[in-house]
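Coordinate analysis (summary)
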Amino acid sequence: MMSSQAATSVPEGTSPASASDQPAMIEISGLNKWYGDFHVLRDIDLKVERGERIVICGPSGSGKSTLIRCINHLEEHQQGDIVVDGMHMTEDVKRIEQIRRHVGMVFQHFNLFPHLSVLENCCIAQTWVQRRPRREAEATAMEYLERVQIADQAHKYPGQLSGGQQQRVAIARALCLKPEVMLFDEPTSALDPEMIKEVLDVMVELARDGMTMLCVTHEMGFARTVADRVIFMDQGQIIEEAPPETFFSAPRSERTRLFLSQILGH
Amino acid sequence: MNDSTARDTLIAARPAPDIRHGLVGWLRSRLFNGPVNSIVSLLTLALLVWALTPMVQWALINADWLGDSREACSGEGACWVFISARFETIVYGFYPVAERYRVDITLALMAVTIAWLAIPRMPAKKWVVVFALVGFPIIAWLLLVGGVFDLPHVPTRRWGGLMLTLTVATVGIVGSLPLGVLLALGRRSQMPLVRSLCIVFIEFWRGVPLITVLFMASVMLPLFVPNEVEFNKLLRALIGIMFFWSAYMAEVVRGGLQAIPKGQEEAAKALGLSYWRRMGLIILPQALKLVIPGIVNTFIALFKDTSLVLIIGLFDLLAIIRAGLTDSDWLGFATEGYVFAALMFWVFCFSMSRYSQHMERRLHRGH
Ligand SMILES: Nc1ncnc2c1ncn2[C@@H]1O[C@H](COP(=O)(O)OP(=O)(O)O)[C@@H](O)[C@H]1O
Ligand SMILES: [Mg+2]
């Protein structure tokens, strides 16, 4: 098995805390999901330690989005256990909302709220979920907007921003709730090429700060720089798990090799 | 020769050319730009003059405005004296003359509240909304019905005219929108029981003509409630109208809900917002904005259909004008009466339409 200590590419004191007093950040065991008759996730086991950065890749339709959307219950699963930050996922609405408060998510299509300004996008959950006073919420929002370098656009509406700017706002919006773990579902796939870097830079920065991250992405450069582990999925199952060096240089499965040759394809 | 080219100085931005024409230019480019279009324009103008001249002559130029009896009517044009002489009745119905100030206060209060909400600059909107939905109905009810604080009781069967039309329309509008929103949400609910209940409700009320609803409310309901309970006729009509229009409203709102991308709700869920917060803060503001034209369309239809209450013996604006036509002192002024009724309805409906267009522009967020 791949150990989570394999991280070497991100320096100083951010290496994941394993076997400590705290439970794993995410623990998925025996996860199965069907859409009608279609078996979309098959026997998924996945443990994510605190501070660990995981990149998930795989062909389109292999179930990557479905997997990470199960973690904050945007999708329901039929079998298996999901434990987030020590909390068992149940069908109880209160429990689901509690888990969601610990999990931030960034979507392929940003999903900013178009009727709210950038600042309001960042404040709305702070105000209504965490009940922070307005002034405090705005201060936090500005702090994170500053971090993703978009504070000067705080009073604009999402429709007035470029794709890259919108995605950075979406990241700030999720961070405002101070989540324990961040899920990214192809955050750069909907962007024009020249905007991909500004979003990846923000994500690399976040990884440096020790955020636990699960990223579905095909940005292999990003995987090489920050990932502790790369997971390859195909047909609803985890085919291969390895630290990036091994994953890219010596993939063990034939499917992985084929996928890599297509995606890096020269 | 080399095929490749490269620019070494960039082209600076220039202001757009000024192509305003003035009136003459506008006429030439929009009305008389070619022989066929010129003929069409001239014909249209001629048609307008031909149709409007007699109307204007009848309604304005040859009309009689002053006086207080039939003698003031010259008979060449419209005799608006018929309206002015009966104006009080048209506004207040059979409301006791000494108590009509109560109607005035209510109408003034309503006008101020609406203006306050409609003008963007006014402060404390949230509290005014609360007042409009809670405070105002109570105050209006106490004032109009009376029976408290030394105010003599005025039974609702004495209400009539414009005040009754406005009462029915306001209650209908204010009641059917929230009810319609709830029904629309219920129809999309994950809970099968709630969903079926909402579907049955909507499909029942949508499938029955409003006239039938009003007849049922006034004739059938008393059969089911014991005789002692004097279940007010107006109240019954109000409830019927509210339910009927809320079913339409629900379908309009549902159209808006369906147009919101799924990602919006998912993002709101991912942020940990609860169902009602997701709906109230994220989904409904966007969905309702999308369907403002449909909502206002329903409001306008509702406003005009309030005149159907005349078939259950309530004297709304139209009914009271019709009643005036049978007054033996004033026989033969039906045209003036109906034109005036139409004008009143048109003024209210057109205002709603204009305000909705203004709202749409104001809420536009560049997406
Ligand atoms: N709501 C749904 N109903 C039915 N099938 C779905 C639904 N969502 C996704 N699928 C199917 O599940 C499979 C996995 O989808 P997804 O997780 O989005 O893949 P990926 O993100 O890896 O491209 C796909 O074949 C897709 O067609
Ligand atoms: Mg996907």
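See the structure shown above.
A brief look at the structure comes next. One numbering rule holds for all chains: residues counted from 1, following each sequence as written. All chains are assigned letters beginning with A, and all ligands numbers beginning with 1, in the order in which they are written. In keeping with the predicted nature of the model, local features appear solely for residues at pLDDT of at least 70, side-chain atom pairs appear and are counted solely at 80 or more, and the whole-chain, interface and lining totals rest on all residues. Excluded from the side-chain calculation are hydrogens and water; included are all heavy atoms of the structure.

**A closer look at the side chain of Ser 246 of chain B**
Residue and element names in this part refer to chain B. Mapped onto the elements of the fold, Ser 246 is located in helix H10 (residues 233-259). A residue is classified by how much of its surface remains accessible, and Ser 246, at 0% relative accessible area, is buried. Pairing of N or O atoms within 3.5 Å defines a polar contact, subject to two protein rules: one partner must be a possible hydrogen donor and the other a possible acceptor, and residues neighboring in sequence count only if both atoms are side-chain atoms. A polar side-chain atom of Ser 246 sits 2.8 Å from the main-chain carbonyl oxygen of Phe 243. Dropping the residues within four chain positions of it, Ser 246 is found in contact with Ser 176, Leu 179, Gly 180, Leu 183 and Phe 201. In DSSP terms, a helix is any run of H or I states spanning at least four residues, a strand is any run of E spanning at least two, and both are numbered starting from the N terminus. Exposure classes here rest on a 1.4 Å probe applied to the protein chains alone. A residue is buried below 20% of its type maximum, exposed above 50%, and partly exposed in between. Contacts are assigned to residue pairs with any non-hydrogen atoms lying within 4.5 Å of each other.

**Description of the nonpolar core**
Take the buried residues of types Ala, Val, Leu, Ile, Met, Phe, Trp, Tyr and Cys, join any two whose side-chain atoms come within 4.5 Å, and each joined set is a nonpolar core. With 122 residues, the main nonpolar core has Ile 28, Ile 56, Leu 67 and Leu 214 of chain A together with Trp 159 of chain B as its most contacted residues. It is H10 of chain B that provides the largest number of residues to this core, a total of 12 residues. Leaving out residues up to four positions away in the same chain, Ile 56 of chain A has contacts with Lys 64, Leu 67, Ile 68, Leu 214, Cys 215, Val 216, Thr 217, Ile 231 and Met 233 of chain A.

**Comments concerning the packing of aromatic side chains**
Residues and elements named next belong to chain B. Classification of ring pairs uses Phe, Tyr and Trp, with its six-membered ring standing for Trp, and accepts pairs whose centres are within 6.5 Å; under 30 degrees between planes counts as stacked, over 60 as edge-to-face, and the remaining range as tilted. Under the definition given, this model contains 17 aromatic pairs over all chains. Ring centres 5.3 Å apart and planes at 25° place the aromatic pair Phe 303 and Phe 348 in the stacked group. Taken together, the positions of Phe 303 in helix H13 (residues 292-305) and Phe 348 in helix H15 (residues 334-362) put the pair 45 residues apart, joining distant regions of the chain. Taking relative accessible area as the criterion, Phe 348 reaches 28% and is therefore assigned partly exposed. Each ring, one from Trp 346 and one from Phe 350, has its centre 4.7 Å from the other, and the planes form 10°; the classification is stacked. Here the residue Trp 346 and the residue Phe 350 both occupy positions in helix H15, the gap between them amounting to 4 residues, near one helical turn.

**Regarding the site of ligand 1**
All names here are of chain A. Only a single heavy atom is needed: when it lies within 4 Å of a molecule or strand, its residue is near that molecule or strand. The full set of residues close to ligand 1 is Tyr 35, Phe 38, Val 40, Pro 59, Ser 60, Gly 61, Ser 62, Gly 63, Lys 64, Ser 65 and Thr 66. Between an oxygen atom of ligand 1 and a side-chain N or O atom of Thr 66, the distance comes to 2.4 Å. When the free accessible area of ligand 1 is taken as 560 Å², the share hidden by the protein chains comes to 59%. The set of elements that each furnish at least two residues to the shell around ligand 1 consists of strand E2 (38-48) and helix H1 (64-71). The element best represented in the shell around ligand 1 is H1, accounting for 3 residues. In short, Shrake-Rupley with a 1.4 Å probe defines the accessible areas, and a residue's cover is counted only from the protein chains shown.

**Some thoughts on the interface of chain A and chain B**
Contacts between chain A and chain B engage 23 residues on the former and 21 residues on the latter. We define a salt bridge as a side-chain nitrogen of Lys or Arg found within 4 Å of a carboxyl oxygen belonging to Asp or Glu. For the pair chain A and chain B, the number of links is 1 salt bridge. Taking the shortest distance from any N to any O, the salt bridge between Glu 266 of chain B and Arg 69 of chain A comes out at 2.7 Å. The interface formed by chain A and chain B includes 6 residue pairs in polar contact (both at pLDDT 80 or more). Residue assignment for the side of chain A that touches chain B shows that the elements contributing at least two residues are helix H2 (93-100), strand E6 (103-106) and helix H3 (118-128) of chain A. No other element matches the 3 residues that H3 of chain A contributes to the side of chain A that touches chain B. Think of it as three bins: nonpolar holds Ala, Val, Leu, Ile, Met, Phe, Trp, Tyr, Cys and Pro, charged holds Asp, Glu, Lys and Arg, and polar takes everything else, Gly as well. The residue inventory of the side of chain A that touches chain B, partitioned by class, reads 14 nonpolar, 4 polar and 5 charged.

**Regarding the sheet that holds strand E1 (residues 26-35) of chain A**
All names here are of chain A. At least two DSSP bridges between two strands are needed for those strands to be called paired. On the basis of which strands lie adjacent, the open sheet formed by 4 strands has the order E2-E1-E4-E5 and antiparallel pairing. The open sheet terminates on both sides in strands that have one partner only, identified here as E2 and strand E5 (87-88). Across the sheet, H1 touches E1, E2 and strand E4 (79-84), and the angle it forms with E1 is around 120°. Where helices are involved, their axes are fitted lines through C-alpha atoms of the stretch in contact, as for all axes, and angles between N-to-C directions lie from 0 to 180°.

**Thoughts on the environment of His 155 of chain A**
Residues and elements named next belong to chain A. Checked against the element boundaries, His 155 lands in the loop between helix H4 (134-147) and helix H5 (163-175). Separated by 38 residues in the primary sequence, His 155 and Ser 117 have C-alpha atoms spaced 5.6 Å apart. Discounting residues that sit within four places of it in the chain, His 155 has contacts with Ser 117 and Leu 119.

**Comments concerning the pairing of strand E8 (residues 212-216) of chain A**
All names here are of chain A. The element E8 is extensively covered by neighbouring structure, given that 5 of its 5 residues are classed as buried. Where strand E3 (residues 53-57) meets E8, 4 bridges bridge the pair, whose relative direction is parallel. Pairing of Arg 53 across the sheet is with Met 213, part of E8. Pairing between strand E7 (residues 181-185) and E8: 5 bridges, direction parallel. For Phe 184, the partnering residue across the bridge sits in E8 and is Cys 215.

**Considerations on the pattern of salt bridges**
Summed over all chains, the structure comprises 22 salt bridges over all chains. For Lys 94 of chain A, the salt bridge is made with Glu 97 of chain A, and the minimal N-O distance between the two is 3.6 Å. Here Lys 94 of chain A and its partner Glu 97 of chain A are both found in helix H2, 3 residues apart, which amounts to about one turn of the helix. A salt bridge links Arg 254 of chain B to Glu 251 of chain B; the nearest nitrogen and oxygen atoms lie 2.9 Å apart. Within this pair, Arg 254 of chain B and its partner Glu 251 of chain B are both found in helix H10, separated by 3 residues, close to a single helical turn. As far as burial versus exposure is concerned, Arg 254 of chain B and Glu 251 of chain B are alike and both buried. Linked through salt bridges whose partners overlap, the residues forming this network are Arg 187, Glu 203, Arg 206, Glu 251 and Arg 254 of chain B.

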